[in-house]
Amino acid sequence: MTPTEPLVHGAAAAQTAERPPLPVKMVIAGGFGVGKTTSVGSISEIEPLTTEASITEVAAGVDDLTHTPRKTTTTVAMDFGCLTIDPTLKLYLFGTPGQERFGFMWDDIVEGAVGGLVIVDTRRLDDCYAAVDYFEHKGIPFAVAINAFDGKVEHTLDEVRWALDVSEGVPLVVFDARERGSVRDALLVVLELALARTEG
Ligand SMILES: Nc1nc2c(ncn2[C@@H]2O[C@H](COP(=O)(O)OP(=O)(O)O)[C@@H](O)[C@H]2O)c(=O)[nH]1
Ligand SMILES: [Mg+2]
């Protein structure tokens, strides 16, 4: 190799590095109080944008707070955050509103997303059916992430898979919404799934 060669390569390499990372949209879905806002907050490099509103007396009757007694706010629209995976790729995270009455917004939130993470609280499996159905119906790659509240998961993974009626192709992971590394691993599972889909 002559001394000039690395220079040329170096310049080309620098140009690649300067290229902004590819923006990739990912959706964080799941029922009310499963840990969507917590997940985006744990992982986001920017101050997460969240539209939490106080649970009003009216909503308090509508939204089930049995398992989230400390929850005094609720996301009425969505969460937004971002995470650089590597110099070539940056994830933009969009959290859906948990309540079904905001379902009319889902098509807009999911538009252009490569995949979704459906967060599940195993004490309230029913709450995530809507999200699972939605991604299946739309053919969007998704993984199911079980948020181990207080370190406990009430069912085995097989039981959860059976109850949710998701195919073997849908990855199931256990994670902790409060742990950055844990949320990152769950998102990477979705990313790999999405990439495999585009390559396949
Ligand atoms: N113990 C425990 N609490 C959690 C965990 N994830 C979320 N929470 C709490 O559960 C409540 C609901 O979480 P939140 O992220 O607001 O749910 P969202 O409605 O899906 O956005 C909040 O009070 C969180 O602090 C977890 O992994 N363990
Ligand atoms: Mg929320």
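Per-chain numbering applies: the sequence of each chain, read as written, is numbered from 1 onward. Chains and ligands are labelled sequentially in the order written, the chains with letters from A and the ligands with numbers from 1. Predicted model: local features are reported for residues with pLDDT of at least 70 only, side-chain atom pairs are reported and counted for 80 or more only, and whole-chain, interface and lining totals are derived from all residues. As a rule here, side-chain values cover all heavy atoms of the structure and leave hydrogens and water aside.

Things to note about the pairing of strand S4 (residues 89–95)
Then step 1. For S4, the buried fraction is high: six of the seven residues fall into the buried class.
Then step 2. One requirement defines pairing of two strands: DSSP has to find at least two bridges between them. To qualify as a helix, a DSSP run of H or I must reach at least 4 residues; to qualify as a strand, a run of E must reach at least 2; elements of each kind are numbered from the N terminus. Pairing of strand S1 (residues 22–30) with S4, which is carried by seven bridges, proceeds in the parallel orientation. Within S4, the position partnered with Lys 25 by the bridge is Tyr 92. Whether a residue is buried, partly exposed or exposed follows from its accessible area with a 1.4 Å probe, protein chains only, as a fraction of its type maximum: under 20%, in between, or over 50%, in that order.

Examining the environment of Val 189
Then step 1. Among the secondary structure elements, Val 189 is positioned in helix H7 (residues 180–199).
Then step 2. Sequence separation between Val 189 and Leu 172 is 17 residues; the distance between their C-alpha atoms is 9.2 Å.
Then step 3. The contact definition used throughout considers only heavy atoms, calling two residues in contact when any of these lie within 4.5 Å. Those residues in contact with Val 189, other than ones at most four positions away along the chain, are Ala 143, Pro 171 and Val 173.

Concerning the packing of helix H2 (residues 36–43) against H7
The axes of two packed helices give the description: the angle between them and the distance between them.
Then step 1. Throughout, an axis means a line fitted to C-alpha atoms (over the contacting stretch in the case of helices), and angles, computed between N-to-C directions, take values from 0 to 180 degrees. Viewed as axis vectors pointing N to C, H2 and H7 meet at an angle of 105°, and their least axial separation amounts to 8 Å. One way to sum up the angle between H2 and H7 is to call them roughly perpendicular. Along its contact with H2, which presents Ser 39, Ser 42 and Ile 43, the element H7 presents Arg 180, Val 183, Arg 184 and Leu 187.
Then step 2. Side-chain classes follow a simple rule in which Ala, Val, Leu, Ile, Met, Phe, Trp, Tyr, Cys and Pro form the nonpolar group, Asp, Glu, Lys and Arg form the charged group, and the remainder, Gly included, forms the polar group. Across the contact of H2 with H7, the residue classes tally to three nonpolar, two polar and two charged. Oblique is the label for any angle not under 35 degrees, not over 145, and not in the 65 to 115 range, which are roughly parallel, roughly antiparallel and roughly perpendicular in turn.

Some remarks on unusual backbone geometry
Then step 1. Phi angles above zero are rare outside glycine, and Asp 150 is one such case at about 55°.
Then step 2. Mapped onto the elements, Asp 150 comes out in the loop between strand S6 (142–147) and helix H6 (157–164).
Then step 3. On the accessibility criterion, Asp 150 (56% relative accessible area) is exposed.
Then step 4. Positive phi is not limited to glycine here, since Asp 165 has a value of about 55°.
Then step 5. With respect to the helices, strands and loops of the structure, Asp 165 is situated in the loop between H6 and strand S7 (172–175).

Some points on a nonpolar patch on the surface
Then step 1. Residues enter a patch when their relative accessible area is above 30% and they make no salt bridge; the linking distance is 9 Å between like charges and 5 Å between nonpolar side chains (Val, Leu, Ile, Met, Phe, Trp, Tyr). Computed with the Shrake-Rupley method and a 1.4 Å probe, the accessible areas treat only the protein chains shown as cover for residues. Definition used for salt bridges: Asp or Glu carboxyl oxygen within 4 Å of a side-chain nitrogen of Lys or Arg. Among the surface-exposed residues, Val 153, Leu 157 and Val 174 lie close enough to one another that they form a single nonpolar patch of about 200 Å² accessible area.
Then step 2. Looking at where Val 153 falls in the secondary structure, it is placed in the loop between S6 and H6.

Here we look at the confidence of the model for the protein
The predicted coordinates of low-pLDDT regions are not to be read in fine detail.
Then step 1. Scored from 0 to 100, pLDDT reflects the predictor's confidence in each residue. Averaged over all residues, the pLDDT of the protein is 84; the fraction at 70 or higher stands at 76%.
Then step 2. Confidence over residues 1–8 falls short of pLDDT 50; this stretch has one contact with residues more than four positions distant or in other chains.

Brief notes about the pairing of S7
Then step 1. As defined by bridge partners, S6 adjoins S7 across four bridges and the pair is classed as parallel. Of the residues in S7, the one forming a bridge with Val 144 is Leu 172.

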